[in-house]
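Observations on the three-dimensional arrangement
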Amino acid sequence: MTAAIAALEEAQIYNGTAAPGRVLLLESNDRVGKKILATGNGKCNFTHEKISGVSYHTDDRTVLEAVISGFPTEAVLHFFERLGMLYREKNGYFYPLPETASTVLDVLRLRLSELGCEISCGVLVYGFENKSGGFQICFAEGEKKRLVYAESVILATGSRAGGFLQNKNTDPLGPAKCLGLRSTALYPSLAKCICREDFYYRQLAGVRSQVRLKLYGEDQAAVRKFLRQEEGELQLTKEGISGIVVFQLSGKIAEMLSEKRRVIVEINFLPEFSEGELSGWIEERLSMLPGRCLKDFFLGVLHKKVLDVCLQAEGLKGTQEIPRGDRGKSFRMVSSVMERALHFTTEVTGVSDIRQAQVCRGGLVLSQFDTKLECRKLAGCFACGEVLNVDGECGGYNLHFAWGSGLLAGREAMKRALKNRRRRGIDGRE
Ligand SMILES: Cc1cc2nc3c(=O)[nH]c(=O)nc-3n(C[C@H](O)[C@H](O)[C@H](O)COP(=O)(O)OP(=O)(O)OC[C@H]3O[C@@H](n4cnc5c(N)ncnc54)[C@H](O)[C@@H]3O)c2cc1C
């Protein structure tokens, strides 16, 4: 949609008022932009205050940086303001002022209609042919096969992530493959993870807790290597772990699992506690609350379900008395539970299916495209958004890239189309 808007606005610049260039938007769903409605829990977190290349995963940093630097946060905010949409910022995340994702979709659709964009929904693009310097696009409309000629094309077919929102026959990479474009392996990203110790998770399901998560990879010699850490709210499910802290690690985890590497996550359920002060804290609490059983000793410190699992892992029971006379034994008992809560390790054995993930890691190899997002080997073929091998962190980064890369590809694709027509002696104004 942003590509179509930019292309039609570019055509207006060329002609002054009436657009000489036409844009046809082909969409397999029954309406355009359906995925937007599900974003940000229905509120659409459409960009982030700190957009930078480091928040993205890709195969070509140069192209990525060129695209991002041309469309910083302000450019995307300005674009939506121009369309009439005001916004609100919360902890660096931007939302439309009415906090409804439908607002974002509506302003885009309105602008498309103002610019006279032609839209065909319920059509499945299945092929392309490079013809007469342009492209023959093949698409199916129900049983009917149709063809349309275009001077330039923009692949904006997204990915299978969030597939529950898509026409099930849609193959986002299908059209690109017809053009001989290369793609990487695909992994789910921004997704929940499945853990081996499911007997714990069946008890923990539903718990939400502020945590620090540390990701480790283990090689064949069982050497554990620290990779990355995240802090924030963890959601426990009956199969494993979820929430933004997990989403941020999930793309990397999916890649590691595909390489048959063992993935260990350490959960610190008490990130406020400093390890250095732990002994002093235990001693003080033992003096303050003498004679309590374990469950009562930890009351007010740990979530009850988290405590139950930590006790179970240590072979202890909540009703067990903390021995009064033996300070060393009572210290060891309490300390083992605390250590478990601070370093709760779990093995991740899977990441949820790509159709349940928010984004896809992988896609069309970015280095096939130049800094204007035109295919280096196929003049007139552009790509933008999630179909490319670019995925960002949680927080508005993915939509930001979709809007920004769309605006760039749209503008450049129209320039290319108009140039082609002039070169071939067809005046765009006819
Ligand atoms: C549940 C959920 C929540 C999310 N929340 C956020 C968020 O808050 N912030 C954020 O930044 N990102 C979020 N994302 C990610 C974000 O929605 C995507 O990164 C973004 O929509 C990608 O835009 P796109 O235009 O590249 O692809 P898409 O939005 O996937 O659009 C591609 C379109 O192309 C159509 N299509 C594909 N193949 C064909 C074909 N062969 N023929 C015809 N049509 C075809 C599809 O039907 C689709 O409508 C979320 C994703 C999900 C699933």
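So, on to the sheet that holds strand β2 (residues 47–48). Two pairing modes exist for strands in a sheet, parallel and antiparallel, and in both the strands are linked by backbone hydrogen bonds. Spatial strand order, β2-β5-β4: 3 strands in an open sheet with antiparallel pairing. A strand with exactly one partner marks an edge of an open sheet, and here the two such strands are β2 and β4 (87–90). Alignment of β4 against strand β5 (residues 93–96), held across 4 bridges, turns out to be antiparallel. Each residue of the ladder has a partner; that of R88, found in β5, is Y95.

All right, on to the packing of helix α11 (residues 304–313) against helix α12 (residues 327–342) then. As a packed pair, α11 and α12 sit with axes 9 Å apart at the nearest point and diverge in direction by 115 degrees. For α11 against α12, the interelement crossing comes out right-handed. Together, V306, C310, L311 and A313 of α11 and V337, R340 and A341 of α12 make up the contact between the two elements. Tallied by class, residues from the contact of α11 with α12 come to 6 nonpolar, no polar and 1 charged.

Taken together, the neighbourhood of the ligand is formed by 35 residues, with G40, G158, G162, G385 and L399 sitting nearest. When residues of the shell around the ligand are assigned to their parent elements, the largest contribution, 4 residues, is made by helix α13 (residues 397–423). Its residues assigned to classes, the shell around the ligand comprises 14 nonpolar, 16 polar and 5 charged.

Each assigned domain of the protein is listed here: domain 1 (2–188 + 359–423) and domain 2 (193–351). Centre-to-centre separation of domain 1 and domain 2, based on C-alpha positions: 42 Å. Between domain 1 and domain 2, the contact holds 8 residues from the first and 9 residues from the second. Among the residues making up the side of domain 1 that touches domain 2, the classes are represented as 4 nonpolar, 1 polar and 3 charged.

Right, let's get into the nonpolar core. With 69 residues, the main nonpolar core has A4, A7, I154, F382, A383, C384 and A409 as its most contacted residues. Excluding its chain neighbours within four sequence positions, the residues that come into contact with A7 are G21, V23, G410, R411, A413 and M414. Ranked by size, the runner-up nonpolar core spans 48 residues in total, among them F297, V306, V334 and V337.

Analysis parameters
- Residues numbered from 1 in each chain as written.
- Predicted model: local features only at pLDDT ≥ 70, side-chain atom pairs only at ≥ 80, totals over all residues.
- Pairing = 2+ DSSP bridges.
- Helix = DSSP H or I, 4+ residues; strand = E, 2+ residues; numbered from the N terminus.
- Axes fitted to C-alpha atoms, helices over the stretch in contact; angles between N-to-C directions.
- Left-handed = near helix turned anticlockwise from the far one by under 90°.
- Contact = placed C-beta atoms within 7 Å.
- Nonpolar A, V, L, I, M, F, W, Y, C, P; charged D, E, K, R; others polar.
- Near = placed C-beta within 6 Å.
- Domains from an automatic or database assignment.
- Core = buried A, V, L, I, M, F, W, Y, C linked by C-beta atoms within 7 Å.
- Buried ≥ 20, exposed ≤ 12 C-beta atoms within 10 Å, placed from the backbone.

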